[in-house]
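# Chain and residue survey
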Amino acid sequence: MRGRECTALTQPADEMSKSARPNLLFRNLNAKVASIPMILTAMVVFVGGTVWTVLYSFTNSKLLPRLNFVGLDQYYRLWAAPRWLISIENLLIYGAISLVFSLVIGFLLAALLDQKIRFEDTFRTIFLYPFALSFIVTGLVWQWLLNPDFGIQHVVRDLGWTSFSFDPLYNSSIVIYGISIAALWQGTGLIMCLMLAGLRGIDEDIWKAARVDGIPMWKTYLFIVIPMMRPVFITTLVIIASGIVKVYDLVVAQTSGGPGIASEVPAKYVYDYMFFAQNLGQGFAASTMMLLSVVIVIVPWAYLEFGRRK
Amino acid sequence: MRYKLLTAALAATAALQFAGQAAATDLEVTHWWTSGGEAAAVAELAKAFDATGNHWVDGAIAGSGGTARPIMISRITGGDPMGATQFNHGRQAEELVQAGLMRDLTDVATKGKWTDVVRPKSLLDGCTIDGKIYCVPVNIHSWQWLWLSNEAFEKAGVPLPKDWNEFVAAAPALEKAGIIPLAVGGQAWQSSGAFDVLLAAVGGTDTFLKVYKDKDAKFAAGPEVAKVFKAADDARKMAKNTNVQDWNQATNLVITGKAAGQIMGDWAQGEFQVAGKTAGKDYTCLPGLGLNEVIATGGDAFYFPLLKDADKSKAQEVLAETLLDPKTQVAFNLKKGSLPVRGDVDLNAANDCMKKGLAILAKGAVMPWTDQLLSQDTQKQKEDLFAEFFAKPELTVEDAQKRFADLIASAD
């Protein structure tokens, strides 16, 4: 049995295509068998868990899940809650900032490092270092830095500028920017590395050709190099976007949602209502909305990306 | 010797069902008592339980009840129950009991005549569901206290206020002296609790019950409650310069005289004690903010998850009895700054503030608190509202009251 399989697998490709279709299922059988556990995990844990969550978001489950359907009540309540609306607004601001700035700063840093400068390794290490810290540590460090009593404001005031004021974490209207600063500091290094890898993947000859044609460097970057780096940009986008939707620990460490509820984010709403408020239904409704927002972004993109090829 | 070591090791791995018949039974007890005064108090409970020949395995979870409760609940619902766990008696564990995950203590209670010794009676009501007793109350904690720093008032040159209104009047003088009039930490439950205290003190007991017990939304939108919101507006103005998060950091501001006062439950007293301060001399306490001297019978209780292990179940009974033992009650509550749940214990060592509390209790001036009246869900929404109210001056009193009334309308 096993011997026959092996010969079937080692047959040249043209003979395979001639022989018949059913073999397709058994091609690379070992690999397929090996991936069964992962497929099962994905189906049961991810898909199953998602379906379960969405289903229970239509119930009035409190501390324990119960199948007592109440229609869209949880969603009405969710969209009437001031805290949820603030969370969504914060997520949009935070998302826009981290998307734009980490891409721009990351690419600029990478382009600068790509100029064959001295001590490139040192700079790369310095820029990537914050990424080695967790969001919790990042949050605490920046909580101290931005604390008016012993952070940046305190240092500048000690230098003589006594009216200087910089306390984003204690000001409701700008607190989300204070959080974004910390996120950028932590995450930009990784984006820079990805971009740098992409830049290194561009053939030296392209640069030479552009130089021969007399194209200025910024134009070469903008119109030749960046379009060629499309796959790298897509990877980067996915990494940044997933980081945006799931932001939670940074907020918990830096402000725990404060002052008041000014820096709340959706993931924290989900957690707080599921566990602190002992209201699973409400938490599930919120997490379903988060899933929905991801789907709205992913589906059109996937359609454009994969649908076109057929 | 080696055998003994081995049993000890086996007993420690709680997964094993039997850990030597004669050996002491380990019982893991989870709680959220981690500040200085609290840790000293819980050590008394552990000492008393260890003296019965069993062993108290301390499962302290840092970060106040809000952080600890989800961990405890998911351990119980997830099939890894501890031996005993702290909750605030009332509705926090209601669904766990209804789901049959908690142990019925009625037998132990009848044997120990709990209904006779526990005072006030409403405490046991908080533990009773469908006529069965599910928890052991260990102390009475009331929220309605105003803690004042004598030093701060001296520095500002104003006499110590006797009630909330005088305190509000003294605020400008305090601010001029560079003192924060009122310390309110950033955690949401602190601002929400401060409002509840104002509701009970400024509004009165009936107002409080009409809003939280009868859930009368119309009344909550009315003029009586508007008065309370006016007081809350004063409070948030007085508190606007507090830049701390945790309640004990806020208490510390009062201890060091950087802030003049704090609305906080009687657990704050433990912090004053640890700092070596004397009631009456260094700090002053006003029960019911000096306006309405009533004590809420909230507090802490221990619940016992249903266990399969017979040895551990027996140890649970011993722990339940130990917790209500007069000697344990005195030792624990003196350190904790709370009031004992038995009327028949001797509290000569009690300080000024505790004596005030005991006197009110003896008069029978008690009322239920939010933990007994509102679900966690409603409490969380209330916290969100008041966290926003205290941090955001742009949120007007009228808007906040309207949102409060809406919240009461949908409360359960």
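Structure: above.
The following paragraphs examine the structure supplied in this document.

## Some points on the interface of chain A and chain B
- Taken together, the contact pairs 20 residues of chain A with 19 residues of chain B.
- Looking at the side of chain A that touches chain B element by element, the count peaks at 4 residues for helix H15 (residues 266-276) of chain A.
- Residues that form the side of chain A that touches chain B fall into these classes: 10 nonpolar, 6 polar and 4 charged.

## Some points on the nonpolar core
Residues and elements named next belong to chain B.
- Ranked by size, the top nonpolar core spans 158 residues in total, and within it Leu 146, Leu 198 and Tyr 303 carry the most contacts.
- No other element matches the 9 residues that helix H10 (residues 188-203) contributes to this core.
- Beyond its immediate stretch of four places on either side in the chain, Tyr 303 contacts Ala 84, Thr 85, Phe 87, Ala 93, Met 102, Tyr 134 and Cys 135.

## Description of the sheet that holds strand E8 (residues 180-182) of chain B
Residues and elements named next belong to chain B.
- Read across the sheet, 4 strands follow the order E8-E9-E7-E10 without closing on themselves; strand pairing throughout is mixed. In the strand order of this sheet, the two ends are held by E8 and strand E10 (283-287), each with one partner. For this sheet the average axis-to-axis angle between neighbouring strands, irrespective of direction, equals 15 degrees.
- Where strand E7 (residues 145-149) lies against strand E9 (residues 259-263), 3 bridges are found, and the strand directions are antiparallel. Residue Leu 146 lies in a different strand from E9, and its bridge partner there is Ile 263.

## Points about the packing of H10(B) against helix H20 (residues 376-391) of chain B
Residues and elements named next belong to chain B.
- Where H10 meets H20, the closest approach of the two axes is 8 Å, and the angle between their N-to-C directions is 90 degrees. When the axis of H10 is compared with that of H20, the two are roughly perpendicular. Where H10 approaches H20, its residues Ala 188, Trp 189, Ser 191, Ser 192 and Phe 195 are matched on the opposing element by Lys 382, Glu 383, Asp 384, Phe 386, Ala 387, Phe 389 and Phe 390.
- In the contact of H10 with H20, the residues fall into 7 nonpolar, 2 polar and 3 charged.

## Considerations on helix H2 (residues 36-50) of chain B
Residues and elements named next belong to chain B.
- With 15 residues, H2 should reach 21 Å at 1.5 Å per residue; the first-to-last C-alpha distance of 21 Å fits that figure.
- For H2, the set of buried residues is Gly 37, Glu 38, Ala 41, Val 42, Leu 45 and Phe 49. Down the axis of H2, the smallest arc covering the buried residues is 125 degrees, so these residues share one side.
- On its buried face, H2 is in contact with strand E1 (26-31), strand E2 (55-60), helix H15 (268-274), helix H16 (310-324) and helix H17 (326-336).

## Points about H20(B)
- In this model, H20(B) (16 residues) spans 22 Å end to end at C-alpha, consistent with the 22 Å of a helix rising 1.5 Å per residue.
- Of all the 16 residues making up H20(B), 16 are buried; the element is thus mostly covered by neighbouring parts of the structure.

## Observations regarding the packing of H10(B) against helix H11 (residues 205-212) of chain B
All names here are of chain B.
- Where H10 contacts H11, the two axes come as close as 6 Å, and the packing angle between them is 135 degrees. By the angle class used here, H10 and H11 are oblique. Each of Leu 199, Ala 200 and Gly 203 in H10 lies in contact with H11, whose residues at this interface are Thr 205, Thr 207, Phe 208 and Val 211.
- Looking at the contact of H10 with H11 residue by residue, the classes come out as 4 nonpolar, 3 polar and no charged.

## Considerations on the sheet that holds strand E3 (residues 84-88) of chain B
Residue and element names in this part refer to chain B.
- Ordered in space as E2-E1-E3-E12-E6, the 5 strands form an open sheet in which the pairing is mixed. The sheet is open, and its two borders are formed by E2 and strand E6 (135-137), each paired with just one other strand. Direction aside, neighbouring strands of the sheet carry axes that sit 30 degrees apart on average.
- When E1 meets E2, the two strands line up parallel, connected through 6 bridges. Looking across to E2, one finds that Val 29 is bridged to Asp 58.
- The sheet contacts of H2 involve E1 and E2, and relative to E2 the element is tilted by about 155 degrees.

Calculation criteria
Residues numbered from 1 in each chain as written. Chains lettered and ligands numbered in written order. Predicted model: local features only at pLDDT ≥ 70, side-chain atom pairs only at ≥ 80, totals over all residues. Contact = placed C-beta atoms within 7 Å. Helix = DSSP H or I, 4+ residues; strand = E, 2+ residues; numbered from the N terminus. Nonpolar A, V, L, I, M, F, W, Y, C, P; charged D, E, K, R; others polar. Core = buried A, V, L, I, M, F, W, Y, C linked by C-beta atoms within 7 Å. Buried ≥ 20, exposed ≤ 12 C-beta atoms within 10 Å, placed from the backbone. Pairing = 2+ DSSP bridges. Axes fitted to C-alpha atoms, helices over the stretch in contact; angles between N-to-C directions. Parallel < 35°, antiparallel > 145°, perpendicular 65-115°, else oblique. Expected span 1.5 Å × (residues − 1). Arc of directions from axis to C-beta.

Purely geometric numbers; function is a separate question.
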